Amino acid sequence: MDPLNLSRFRLGTLAFALFVVGTNAFVLAGVLPAIGDSLDVTPAVVGYAISAYAILVAVLAPVLSTVLAHVAPERVMAAGMLTFAIGTGVSAVATTYTVFFLARAVAGIGAAALVPLATALAPRLAMPGRQGRAMAIVALGFTLAVALGSPLGTGLAEIASWRVAIGGLAVLGAVLGLGMARLLVGMPTNARVPLSARIGVLADPRVVMGIIAIMMMILSFNLIYVFSSEVTAGVTGDDGGILALLLLVFGLSGAVGNQLGGWIVDTWGNMQTMRFALVIEISAFLLMLVSLDSLVATAFVFAVWGASGFASVVALQDRLASLHPDRTAIILSWYSTGMYVGISIAPVIGAMVLAGPGHLGLPIAAALAAAVALAMTVPVRART
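Predicted model, so just to flag it, every value in this text is computed and none were measured.

Draft legend 1. Molecular detail of the packing of aromatic side chains. Applying the stated rule across the entire model yields 13 aromatic pairs. Ring centres of Y53 and Y340 lie 6.5 Å apart, and the angle between their planes is 70°; on these two criteria the pair is classed as edge-to-face. In this pair, Y53 sits in helix α3 (residues 43-67) while Y340 sits in helix α15 (residues 328-355), placing the two residues 287 residues apart along the sequence. Pairing F221 with W305 gives two aromatic rings, centres 6.3 Å apart and planes at 40°, and the pair type is tilted. Within this pair, whereas F221 is found in helix α9 (residues 205-225), its partner W305 is found in helix α14 (residues 295-323), the two being separated by 84 residues in sequence. Since its relative accessible area comes to 1%, W305 is described here as buried. Each member of the aromatic cluster is reached from another via a ring pair, and the members are F221, Y225, F250, F285, F302, W305 and F310. Taking NZ or CZ as reference, R104 lies 4.3 Å from the ring centre of Y53, over its face.

Draft legend 2. Inspection of the nonpolar core at higher detail. L14, V21, M77, M180, I224, W305 and Y340 are the most contacted members of the largest nonpolar core, which totals 97 residues. Once residues within four sequence positions are removed from consideration, Y340 is found in contact with V21, Y53, A54, V57, A58, V115 and F142. Core analysis: the next-biggest nonpolar cluster, separate from the first, contains 16 residues, L32, I50, Y97 and A157 among them.

Draft legend 3. Representation of helix α7 (residues 162-183). For α7, with 22 residues, the first-to-last C-alpha span of 31 Å sits near the 32 Å given by 1.5 Å per residue. Its maximal kink placed at G177, α7 deviates by approximately 25°. Among the residues of α7, those classed as buried are W162, A165, I166, G167, L169, A170, G173, L176, G177 and M180.

Draft legend 4. Quick peek at the confidence of the model for the protein. For the protein, mean pLDDT is 84; residues scoring 70 or higher make up 92% of the total. When pLDDT is averaged over each element of the protein, helix α16 (residues 361-375) comes out on top at 96 and helix α8 (residues 195-200) at the bottom at 73.

Analysis parameters
- Residues numbered from 1 in each chain as written.
- Predicted model: local features only at pLDDT ≥ 70, side-chain atom pairs only at ≥ 80, totals over all residues.
- Heavy atoms only, no water.
- Phe/Tyr/Trp six-rings, centres within 6.5 Å; stacked < 30°, edge-to-face > 60°.
- Helix = DSSP H or I, 4+ residues; strand = E, 2+ residues; numbered from the N terminus.
- Buried < 20%, exposed > 50% of the residue type's maximum accessible area, 1.4 Å probe, protein only.
- Lys NZ or Arg CZ within 6 Å of the ring centre and 35° of its normal.
- Core = buried A, V, L, I, M, F, W, Y, C linked by side-chain atoms within 4.5 Å.
- Contact = heavy atoms within 4.5 Å.
- Expected span 1.5 Å × (residues − 1).
- Bend = angle between axes of the 7 residues up to and from the residue.
- pLDDT = per-residue confidence, 0-100.

Take a look at the structure:
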């Protein structure tokens, strides 16, 4: 296989891995009541398992990146995916909430080993001058998890059961885990770096600002996505089919924005792309305040939100990967930490907003979070 096709094949493998992991995270939000009924707990209690999973990934991503730095990347990702598959599989057959919760924790350990390394490998697999597009290909895995994986998994859960949907992801993870060690063989091993050096990257304010930015981006996304049924109730009339259509519009537009963002990054640069995309995304959130009485207008705003939101994430990934090329894996492990912190706090903040200002407060809160991310693009000088 020629170098270009080999690069694309490996990037596609990483994207598929993130698709499986991402779908597992997003699909649970649509089946909380069904899981709660099966395990004899409330949907809110099941939600704690989602938050615990996200917090565990946030904490362990930089730790595992340190401990496993000397191990061949393909072995780390294969082991991470198999661990994820085991945890997900056990959660699919769990008969008690305790077993379900612990199995989700095991899956989180696997995701913590896999996600930051898969993201960090993207620019190293790219051909010269195509790093932004390589980041976009791998990030497409998460995008498609939102656009297709989550609604398809939720639909399968409606037709069969939540156990079939989650069990299917475990099977996909197991097959992929068994193949990754061979499909990605030959990747250069990361140099062993002491923990002090890994923490030391945080001395660069640009890294810290990037971590805050992704936390705010993911928070803004989840404030609308997780509570989309409440946000769009005026146009959906609580019709799940209409809501699914709006989320499909969002997801497919996100896939377009993901790829377009990679091209713009390689053309304009990551910071220009990130600022431009965030300004559009903030505008989309504010437009929700006046568009939520029209289905067509809401679909249009969701499309703009999806395209701009995913383009900004690609630009931020490229920005962080370019700051210290010899520490890309370390920095992107902290990036994963920020991402999963945003995932874990969004349900709590969203519930507080709903209890106070109500559903119209969610777009305002999302716009504020995105504005904080935009503020993180202000130029600063790196510290040695």
